[in-house]
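Each chain, letter by letter, is given below.
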Amino acid sequence: MTALERPADLEPGAEPVRKRLALVASKGTLDQAYPPLILATTAASLGWEVGIYFTFYGLDILHKDRMEHLKVASLANPSGPIRVPNLLGAMPGATAAATKMMKNWMKNAKMPDLAEFMEMARDLGVTLFACATTMGVMGVKDSDLIEGCDIAGAAAFLDFAAGADVQLYI
Amino acid sequence: MDIEQLEATDTLDTSGLLCPLPVYKAGIALGKLEPGQILRLICTDPGSLADIPAMARQRGDTLLASDSTEGSQVFWIEKGSQT
């Protein structure tokens with residue numbers, strides 16, 4: 001049983017300063033989609049202003065159809081769910097098995113799935129920047145993306161990130 | 001501060017949940033309280049010992065006290081005047 005002293009800088013009535021987090025989500029695999037969403041929902045829960053810039057393969061996280069089908073790489077992923085010699089990761093079905101295994105891990109740990117994380121992020125007011133160049137390069141249309149995305153280029157994101165206290169590239 | 005004297009307005013049990021869910025759910029619960037009211041938060045996430053004090057500091061709430069029992073921690077958080 002411990003009692004904690006009230007920190008001097010958190011006196012009631014102290015004016016809160018809203019911090020800002022700017023994230024880049026550049027990966028389109030299931031395992032790499034979680035970290036930006038975990039950080040974003042946490043920061044927003046702390047009262048921070050949060051924006052995520054989804055670029056290159058990371059744009060798949062905002063893609064209505066592809067988001068449901070993100071996979072865990074079984075090849076060249078030595079820390080992946082299936083610990084087998086690297087070449088065996090190229091066997092048919094290995095990617096599907098690794099993906100299924102990770103989904104089971106998350107479910108058993110009572111972690112939200114990606115769609116639930118996206119809903120949490122939107123409810124918390126996280127800004128979802130969709131990289132306009134990636135859309136052009138990969139032929140992704142506005143209507144392919146989930147609702148509520150801000151289509152933006154690098155300058156718009158950098159303008160947001162320039163005012164951020166924390167910037168991370170994932 | 002004597003935790004026997006702390007009167008919580010609300011209790012949130014996040015047993016079995018991992019980061020970011022305890023902080024996410026605590027944020028929602030604290031959002032429903034008035035400044036000065038107290039949330040009693042129960043966590044089993046091993047990260048919560050570090051996370052909950054950090055959450056209170058970042059949100060501008062006050063961690064009044066904490067108590068460890070077998071496998072779980074209880075935190076008393078007084079909502080600050082933010083929001």
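Residues numbered from 1 in each chain as written. Chains lettered and ligands numbered in written order. Predicted model: local features only at pLDDT ≥ 70, side-chain atom pairs only at ≥ 80, totals over all residues.

## So, the overall build of chain A
When helices and strands are tallied, chain A shows five helices and six strands. Each helix and strand of chain A, placed in order from N terminus to C terminus, yields the pattern β-β-α-β-α-α-β-α-β-α-β. If you line up chain A on its principal axes, its C-alpha atoms span 60 × 50 × 25 Å. Counting all 170 residues of chain A, 35% fall into the buried class. The long-range fraction of contacts in chain A, counting pairs at least 24 apart against all pairs at least 6 apart in sequence, stands at 67%. (Helix = DSSP H or I, 4+ residues; strand = E, 2+ residues; numbered from the N terminus. Buried ≥ 20, exposed ≤ 12 C-beta atoms within 10 Å, placed from the backbone. Contact = placed C-beta atoms within 7 Å.)

## Some remarks on the overall build of chain B
Across its full length, chain B holds two helices and four strands. Seen in sequence order, chain B has helices and strands lined up from the N terminus as β-α-β-α-β-β. Relative to a compact globule of 83 residues, whose C-alpha radius of gyration would be 12 Å, chain B shows 11 Å and is just as compact. For the C-alpha atoms alone, the extent of chain B along its principal axes is close to 30 × 25 × 20 Å. By residue count, 40% of the 83 residues in chain B fall in the buried class. Put simply, of all contacts in chain B between residues at least 6 apart along the chain, 62% involve residues at least 24 apart. (Rg over C-alpha atoms; globule rule 2.2 N^0.38 Å.)

## A look at the environment of L37 of chain A
Residue and element names in this part refer to chain A. Structurally, L37 can be placed in helix α1 (residues 30-45). Look at L37 and you get buried, because 23 C-beta atoms sit within 10 Å. For the pair L37 and F117, spaced 80 residues apart in sequence, the C-alpha to C-alpha distance is 6.4 Å. Filtering out sequence-adjacent residues up to four positions away, L37 remains in contact with F117 and A121.

## A few points about the environment of L30 of chain A
Residues and elements named next belong to chain A. Tracing the sequence through the fold places L30 in helix α1. By the C-beta count within 10 Å, which is 22 here, L30 ends up buried. The sequence separation of L30 and V72 amounts to 42 residues, and the corresponding C-alpha distance is 5.4 Å. If we ignore the near neighbours within four places in the chain, the residues touching L30 are L70, K71, V72, T99 and M102.

## Structural notes on helix α5 (residues 154-162) of chain A
Residue and element names in this part refer to chain A. Considered for burial, the residues of α5 that qualify are F157, F160 and A161. Down the axis of α5, the sector holding all buried residues measures 100°, keeping them to one side. Along α5, exposed side chains directed more than 90 degrees from the buried face belong to A155, D159 and A162. Elements in contact with the buried residues of α5: β2 (20-25), β3 (49-54), β4 (127-131), β5 (149-152) and β6 (166-169). (Arc of directions from axis to C-beta.)

## A look at the sheet that holds β2 of chain A
All names here are of chain A. Spatial strand order, β5-β4-β3-β2-β6: five strands in an open sheet with parallel pairing. The sheet is open, and its two edges are formed by β5 and β6, each paired on a single side. Neighbour-to-neighbour, the strand axes of the sheet open up by a mean angle of 20°, direction not taken into account. Two strands pair when backbone bridges link them, and β3 and β4 are joined in this way by four bridges, in the parallel orientation. Among the inter-strand pairings, G51 is bridged to a residue of β4, identified as T127. (Pairing = 2+ DSSP bridges. Axes fitted to C-alpha atoms, helices over the stretch in contact; angles between N-to-C directions.)

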